[in-house]
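Each chain, letter by letter, is given below.
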Amino acid sequence: MGLITHLIEKALKRREGLALPSGNSEQYLDKVLEVWIEKEPSPEPAGLSVSAVDGSRNRKEYVGYTVYAIAAASVLSKPHTDKLETHYLVDVDVLKPEEYSESRLRILMGILEAKEAVSSLKDCEVLLIDGSLIGNLIRPAVFNYEISEEGKSYAESIYREMVSSFSTNTINSKEFYSELQKRFTGREYAVVAGYLEYLEYLHSYKILLETGKEKIIAVSKRSESRIYGFDQIVSDIAVLNAVSLHLPEGFSRPNSTKLTREIKFSYPEEFEEFFRELELETFFFKLPGGGVYKCETVKPPEEVWNILSGFSINGYPYLLTEAHKRVKIGREEMERVLKTLKATGVTGREGLGE
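Residues numbered from 1 in each chain as written. Predicted model: local features only at pLDDT ≥ 70, side-chain atom pairs only at ≥ 80, totals over all residues. Heavy atoms only, no water.

## Examining the layout of surface pockets
Then step 1. In this structure, the largest pocket encloses a volume near 1,200 Å³.
Then step 2. Broken down by secondary-structure element, the contributors of at least two residues to the lining of the largest pocket are β2 (50–62), α3 (101–120), α4 (133–138), α8 (186–212), β8 (255–258), β10 (292–297) and α13 (318–327).
Then step 3. Counting residues per element, the lining of the largest pocket draws most heavily on α3, at six residues.
Then step 4. For the lining of the largest pocket, the class distribution of residues is 13 nonpolar, 15 polar and 13 charged.
Then step 5. Quantified by volume, the second largest pocket comes out at close to 150 Å³.
Then step 6. Ala69, Ile70, Ala71, Val90 and Ile329 are the residues nearest the centre of the second largest pocket, which is lined by 13 residues in total.
Then step 7. For the lining of the second largest pocket, the secondary structure elements donating two or more residues are β3 (65–77), β4 (84–95), α13 and α14 (331–341). (1 Å grid on protein atoms, 1.4 Å probe; cavity = no way out; pocket = protein on both sides within 12 Å on 5 of 7 lines; lining within 4 Å. Points joined across faces, edges and corners; volume = space filled by probe spheres on them. Helix = DSSP H or I, 4+ residues; strand = E, 2+ residues; numbered from the N terminus. Nonpolar A, V, L, I, M, F, W, Y, C, P; charged D, E, K, R; others polar.)

Below is the structure:
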């Protein structure tokens, strides 16, 4: 008997006892309707320029180093034209050593996304961001806890130098890798480099919020928040999607979220006050033909509703769908990058035939 047979047998035994939210939807509906505001969809807003930004990453791990490709894309819709304008910001390189490569890649991709968003502000009146803006800012970097005082002090001195030549067209931290390598080696180098990248990440988001907060609408497909307390364990968005079939189009009563209440750690000193005082309106929405998604913005929910419902296909903002499709770095794209780089090495999995 093969592995799949064992797995299916176990699944059959388990399925009757699984407490899935979708199987208990009726108990939540009354609570949901108490905070739900029904709205009719609006036509596409006339004369509105809207841009959407998303990012992607992929990598190939070898013994001792990681080859990566990361990208951010913006898709712009201008009034009175069906043509979408796309702009890319990309990077291809090697991370050595391989320690913390996943954490560093997440931050590096975030830098590109934030910088592409900053660049998009000049061309749009509304900026759609894929994912949770709050989530991007309250997820603590591992480097905050791993870095030595010496490494932290040195990285922060480089950051202050880096700010004077800050660019939205590249990852500035990379220009200082050689300086870091003169003082730090091995795992410690990876931590200090990661911390410097984290400082650039925060700086990029600070610029974005300082210059374009009024334009931003962040849309999340997932969320761990329990703003309304529908369930003690299950998140709000899980409950809302469980009752989605019984839920009319519209949005939930907005809730003001201040990062002070969300953060369980300290930012580097340069950013502590700014991010802790950041406040956004959060709510959930459902467009015709779609599921329930979370929104973070400073705009009034009625205005957001008019924009999103006017730029929606199958219940989701189609510009975000386009940005996702155009920026995705899949297996085929990664293989072409590796071939172009002529990257070779040992992965450590050769003995498994992989």
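Read on for the rest.
## Let's talk about the pattern of salt bridges
Then step 1. A complete count under the given rule lists 19 salt bridges for this structure.
Then step 2. Between Arg59 and Glu102 there is a salt bridge, and its shortest N-O distance comes to 3.3 Å. Of the two residues, Arg59 is situated in strand β2 and Glu102 in helix α3; the sequence distance between them amounts to 43 residues.
Then step 3. Two residues, Glu102 and Arg106, come together in a salt bridge whose shortest N-O distance is 3.7 Å. Of this pair, Glu102 and Arg106 both sit in helix α3, four residues apart, which is roughly one turn of that helix.
Then step 4. Given the relative accessible area of 35%, Arg106 is considered partly exposed.
Then step 5. Residues participating in the shared-partner salt-bridge network are Arg57, Arg59, Glu61, Glu102 and Arg106. (Salt bridge = Lys/Arg side-chain N within 4 Å of Asp/Glu carboxyl O. Buried < 20%, exposed > 50% of the residue type's maximum accessible area, 1.4 Å probe, protein only.)

## Looking at empty space enclosed by the protein
Then step 1. All chains considered together, the criterion is met by one cavity of 30 Å³ or more.
Then step 2. Approximately 60 Å³ is the volume found for the largest cavity.
Then step 3. Contributing to the lining of the largest cavity are Val53, Glu113, Ala114, Ala117, Ile129, Asp130, Asn136, Tyr205 and Leu208.
Then step 4. Where the lining of the largest cavity is concerned, the elements lending two or more residues are α3, β5 (126–130) and α8.
Then step 5. Counting residues per element, the lining of the largest cavity draws most heavily on α3, at three residues.
Then step 6. Classifying every residue of the lining of the largest cavity gives six nonpolar, one polar and two charged.

## Remarks on α13
Then step 1. Buried within α13 are the following residues: Leu319, Leu320, Ala323 and Val327. An end-on view of α13 places all buried positions within 100° of arc, on one side of the element.
Then step 2. In this fold, the buried residues of α13 make contact with β2, β3, β4, β5, β6 (216–220) and β12 (316–317). (Arc of directions from axis to C-beta. Contact = heavy atoms within 4.5 Å.)

## Describing the pairing of strand β9 (residues 279–286)
For a regular strand, the rule is simple: side chains alternate between the two faces of the sheet.
Then step 1. The buried fraction of β9 amounts to six of the eight residues, a majority that puts the element mostly inside the structure.
Then step 2. Sheet analysis places strand β7 (residues 250–252) next to β9, joined by two bridges and oriented antiparallel. Within β9, the residue paired with Phe251 across the bridge is Phe285.
Then step 3. Here six bridges tie β9 to β10, and the two strands are oriented antiparallel to one another. Of the residues in β10, the one forming a bridge with Phe285 is Tyr293.
Then step 4. Where β9 hands over to β10, the hairpin turn is made up of five residues, of which Gly289 adopts a positive phi near 80°. (Pairing = 2+ DSSP bridges.)

## Brief notes about the state of the cysteines
Then step 1. Summed over the entire model, instances satisfying the criterion amount to zero disulfides.
Then step 2. Not part of a disulfide, Cys124 finds its nearest cysteine sulfur in Cys295, a span of 15 Å.
Then step 3. A residue is classified by how much of its surface remains accessible, and Cys124, at 4% relative accessible area, is buried.
Then step 4. Looking at Cys295, the relative accessible area reads 0%, which means it is buried. (Disulfide = S-S within 2.5 Å.)

## A look at the side chain of Thr297
Then step 1. Structurally, Thr297 is set in strand β10.
Then step 2. Reaching out from Thr297, the side chain makes a polar contact with the backbone oxygen of Ile216 at a distance of 2.8 Å.
Then step 3. If near-sequence neighbours (up to four positions away) are discounted, Thr297 is found in contact with Ile216, Ile217, Leu280, Glu281, Phe283 and Val304. (Polar contact = N/O pair within 3.5 Å; in protein donor to acceptor, adjacent residues only side chain to side chain.)

## As for the pairing of β4
Then step 1. Pairing analysis gives twelve bridges linking β3 to β4, with the strands arranged antiparallel. Looking across to β4, one finds that Ser77 is bridged to Leu84.

## Notes on the environment of Met334
Then step 1. Among the secondary structure elements, Met334 is positioned in helix α14.
Then step 2. We classify Met334 as buried; its relative accessible area is 3%.
Then step 3. As a C-alpha pair, Met334 and Phe285 span 49 residues in sequence and 35 Å in three-dimensional space.

## Looking at α3
The α-helix winds at 3.6 residues per turn, so residues separated by three or four positions along the chain end up facing the same way.
Then step 1. End to end, α3 covers 28 Å across 20 residues, agreeing with the expected 28 Å (1.5 Å per residue, within 8%).
Then step 2. The buried fraction of α3 amounts to 17 of the 20 residues, a majority that puts the element mostly inside the structure. (Expected span 1.5 Å × (residues − 1).)

It is worth stressing that arrangement in space is one thing and function is another; only the former is reported here.
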